[in-house]
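Each chain is listed here by its residues.
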Amino acid sequence: MNSTKELYRNRAIQLFIFSFILTTIAFAFIGMMFWNHYESSKKITEQIVEVENIEGEILLYDEMLTMSARMYTSTANTMWEERYNQTVPLLDSALLHAEKVAPKAFEKAIQKTDKANQALIQKETKAFELTKEGNKELAYSIISDVSYQEYKKTYASGMQELTQAMKEEVVKLQQKNENRATLASTITLIIVPFLLFVWYNTLRLIRKYITTQSQLQLEITKQNEGLEQKVIARTSEIQEKNEELQASEEELRQNLEELQTTQEQLQNQKEEIENAYKQLQSTQQQLIQSEKMASLGQLVANIAHEINTPLGAIRSSADSIETILLKTLSDFSDFIKKLDTQTLSYFDEFVALSTQKIDIFSSKQKRRAKYALIDKLEELEIENDEFYADVIMEMNMQDEKELFMKLLQSNNSEELKTEVFDTALRLSNIIKSNQTIKEATNRAAKTVFALKNFARQDHSEEKTEVNLNQTLETTLTLYYNQTKVGIDVIRNLEEMPSFLGYPDELMQVWTNLIHNAIQAMKGKGELSIATQNKQDKVVVSIQDTGGGIPIEIQDKIFDAFFTTKVVGEGSGLGLDITRKIIEKHNGKIWFETQEGVGTTFFVEIPIQIESKIKK
């Protein structure tokens, strides 16, 4: 009996050690497989982002080359030639990046587009040469003809095939990684039941060892007591217990089979839930991107107008300066020689003062002031009074009576006086036209800077420095065309510290809220933008004087796909995306509204400031 007990004991210990080692190795192997799957997924995700960045850069720089070529040949402005030359290395860099990521796809695309690319370069080079020679019309026709467009389409088609092939390579890697994950899951399903079986036998052997030990103790007791009858009874009892144990073992086996079936069902349900979740994530990203593109599309007309308006002012002022200079320069030296020192001094002062004057009169007020000036000149018996009144009013010098009377009452001839005022008007117009060009240039630069900030995309999922007031100003600049007539924009922006966040996503928040406010006011009202610095958080409020939000829909406005706009004007995702971006910053959004009075949206964001941020 002792030998049997020792045998069971040794086997139980050996099987326990074996089961523990086997279990450790199995779980280490399974963990390694799933860890490799996780690392591969992360690398593939980074490669997807890299491919999307390459695609965006190629399309952007190609479009910038075309736009720069057309602007240079149509305006002969060397700025566009410089922009063209700056963009060429950027496009080459993006293509080299694409070659590293997908060399086979790149070689195939280059073979298809090489002839078209060479033709485009030749045409653009020829057009630039003609532009420098002054033949803008012929230059522009070269880059606008049918052959140029066909080459452009061929090149664009090749680039699209390149980016598509890059995406397909990433998809293949992703599918391969998913196959590895499926294999890991299958191996897990095979190993786990086997481990359960091994542990079941281990426990059963330990139980036999315990049972044997009990039997030995009972035998010793029976021998000591010398009661054969009790031994028989005890043996019978043990047999009954063994039968019960066998029945329990059978029941346990059935339970184990049921457990395995349940595990398989749970695994299938888990895979279905994971697939559904991935589809939901993909759909959500597509909807968010669609909403962003819709916002950018709404701004295109405003941006085009904001750039065309200063360009028109620059063109008009430049033509005016050219016309005046051609008419004035030929006789200017002779004109100066006719003036004595005192008259020349009055003339210089008269022109200098006129360039600082601002026209503040309406047309009606200007006519009244002109007629009053004519009456005064008639009283002083000034000849050609209507001409002088026209010049003085056009130069906004009606308040400088002492100065222009010195010129009118000088001893010069009437012909020279007329020439003095006519020349002064021309010089004043040249200076004012130049001022107009400066102002228009600044306005266009501000619009382009705002568009650049809005279009910047950052998919790194890492927080960067946020200048809150700058993001608001950039958004207001992009909507300037919709607010400059009929809508008063009131800014109350406190000084804000820089903090860590996602500036491009916050700009999407302001775009959605300001666009909704402008639509609510129907192009007429008051838009108030305010920021508050509350130490550990910032609060932004955007208030409009529109019709307010009806009480019956106030609980629904943040729901996805809910919109009160007509079909084609809104997707119902703007405020849903806005809320999610703010929650991503651990902030919150709420509103106050009153029908017939207006609505105010509040955005509160906790700020995270680090010493590495330079203020």
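This one's a predicted model, so the numbers in the text were calculated from it and none came from an experiment.

**Thoughts on the overall build of the chain**
Here's step 1: Check the secondary structure of the chain and you find 15 helices and seven strands.
Here's step 2: A burial count over the chain gives 35% of its 615 residues as buried.
Here's step 3: Restricting to contacts in the chain with at least 6 residues of sequence separation, those with at least 24 account for 77%.

**Some points on the sheet that holds strand β4 (residues 525-533)**
Here's step 1: What the five strands build is an open sheet, ordered β2-β4-β5-β7-β6; its pairing is mixed. Edge positions in the sheet fall to β2 (487-493) and β6 (588-594), since each of these pairs with one other strand and no more. Within this sheet the neighbouring strands show an average axis-to-axis angle of 10 degrees, counted without direction.
Here's step 2: Taken strand by strand, helix α14 (residues 503-521) contacts β2, β4, β5 (537-544), β6 and β7 (598-606), and its axis lies near 25 degrees from that of β5.

**Some thoughts on the nonpolar core**
Most often, soluble globular proteins keep nonpolar side chains buried together rather than apart.
Here's step 1: Within the largest apolar cluster, 35 residues are counted, with the highest numbers of intra-cluster contacts made by W510, L513, I514, L527 and F601.
Here's step 2: Counting residues per element, the ones that place at least two in this core are α12 (468-478), α14, β4, β5, α15 (574-584), β6 and β7.
Here's step 3: Ranked by residues supplied to this core, first place goes to α14 with eight residues.
Here's step 4: Not counting chain neighbours up to four residues away, the residues in contact with F601 comprise L513, V540, S541, I542, I549, I557, F558, L575, I589, W590 and F591.

**A short note on the packing of helix α2 (residues 78-101) against helix α3 (residues 103-132)**
How two helices pack is summed up by the angle between their axes together with the distance between the axes.
Here's step 1: Running from N to C, α2 and α3 point in directions that differ by 175 degrees, and their axes come no closer than 12 Å. Between α2 and α3, the angle falls in the class roughly antiparallel. Here E81, Y84, L95, A98, E99, K100 and V101 of α2 lie close against α3, whose contacting residues are P103, F106, E124, F128 and K132.
Here's step 2: Residue classes in the contact of α2 with α3 are distributed as seven nonpolar, no polar and five charged.

**With respect to the side chain of T531**
Here's step 1: Within the element layout of this structure, T531 appears in strand β4.
Here's step 2: Engagement of the side chain of T531 in a polar contact is seen with the side chain of N469, the distance being 3.4 Å.
Here's step 3: Setting aside its immediate chain neighbours within four residues, T531 contacts L468, N469, L472, N492, L493, E494, M496, V539 and V540.

**Regarding a nonpolar patch on the surface**
Here's step 1: On the surface, a nonpolar cluster with roughly 580 Å² of combined accessible area is contributed by I13, F16, I17, F20, I21 and I25.
Here's step 2: Its relative accessible area of 52% is what places F20 among the exposed residues.

**What about the packing of aromatic side chains?**
Here's step 1: Under the counting rule described, the total for this entry stands at eight aromatic pairs.
Here's step 2: With centroids separated by 6.3 Å and ring planes inclined at 40 degrees, the aromatic side chains of F558 and F591 adopt a geometry described as tilted. Of this pair, F558 sits in the loop between β5 and α15 while F591 sits in strand β6, and the two are 33 residues apart along the sequence.
Here's step 3: In this structure F591 comes out as buried when scored by relative accessible area, which is 19%.
Here's step 4: On the basis of an interplanar angle of 45 degrees and a centroid distance of 5.6 Å, the ring pair of F591 and F601 is categorised as tilted.

**With respect to the packing of helix α8 (residues 363-379) against helix α9 (residues 385-394)**
Here's step 1: Contact geometry for α8 and α9: axes closest at 9 Å, N-to-C directions at 135 degrees. Judged on the interaxial angle alone, α9 and α8 are oblique. Considering the relative orientation of α8 and α9, their crossing is right-handed. Contacts between α8 and α9 involve K366, A369, K370, L373, I374, L377 and E378 from the first element and D385, E386, Y388, A389, D390, I392 and M393 from the second.
Here's step 2: The residue makeup of the contact of α8 with α9, split by class, is eight nonpolar, no polar and six charged.

**Examining the environment of I430**
Here's step 1: On the secondary structure map, I430 appears in helix α11 (residues 414-455).
Here's step 2: I430 sits in the buried class, given a relative accessible area of 16%.
Here's step 3: The sequence separation of I430 and I324 amounts to 106 residues, and the corresponding C-alpha distance is 7.2 Å.
Here's step 4: Not counting chain neighbours up to four residues away, the residues in contact with I430 comprise I321, I324 and L325.

**Remarks on unusual backbone geometry**
Here's step 1: For K522, which is not a glycine, the phi torsion comes out positive at approximately 55 degrees.
Here's step 2: Structurally, K522 is set in the loop between α14 and β4.
Here's step 3: Positive phi, close to 60 degrees, is recorded for N586, a residue that is not glycine.
Here's step 4: Here N586 shows up in the loop between α15 and β6.
Here's step 5: Taking relative accessible area as the criterion, N586 reaches 59% and is therefore assigned exposed.

Cut-offs used in this document
- Residues numbered from 1 in each chain as written.
- Predicted model: local features only at pLDDT ≥ 70, side-chain atom pairs only at ≥ 80, totals over all residues.
- Heavy atoms only, no water.
- Helix = DSSP H or I, 4+ residues; strand = E, 2+ residues; numbered from the N terminus.
- Buried < 20%, exposed > 50% of the residue type's maximum accessible area, 1.4 Å probe, protein only.
- Contact = heavy atoms within 4.5 Å.
- Pairing = 2+ DSSP bridges.
- Axes fitted to C-alpha atoms, helices over the stretch in contact; angles between N-to-C directions.
- Core = buried A, V, L, I, M, F, W, Y, C linked by side-chain atoms within 4.5 Å.
- Parallel < 35°, antiparallel > 145°, perpendicular 65-115°, else oblique.
- Nonpolar A, V, L, I, M, F, W, Y, C, P; charged D, E, K, R; others polar.
- Polar contact = N/O pair within 3.5 Å; in protein donor to acceptor, adjacent residues only side chain to side chain.
- Patch = residues over 30% accessible without salt bridge, like charges linked within 9 Å, V, L, I, M, F, W, Y side chains within 5 Å.
- Areas by Shrake-Rupley, 256 points an atom, 1.4 Å probe, with all protein chains shown as cover.
- Salt bridge = Lys/Arg side-chain N within 4 Å of Asp/Glu carboxyl O.
- Phe/Tyr/Trp six-rings, centres within 6.5 Å; stacked < 30°, edge-to-face > 60°.
- Left-handed = near helix turned anticlockwise from the far one by under 90°.

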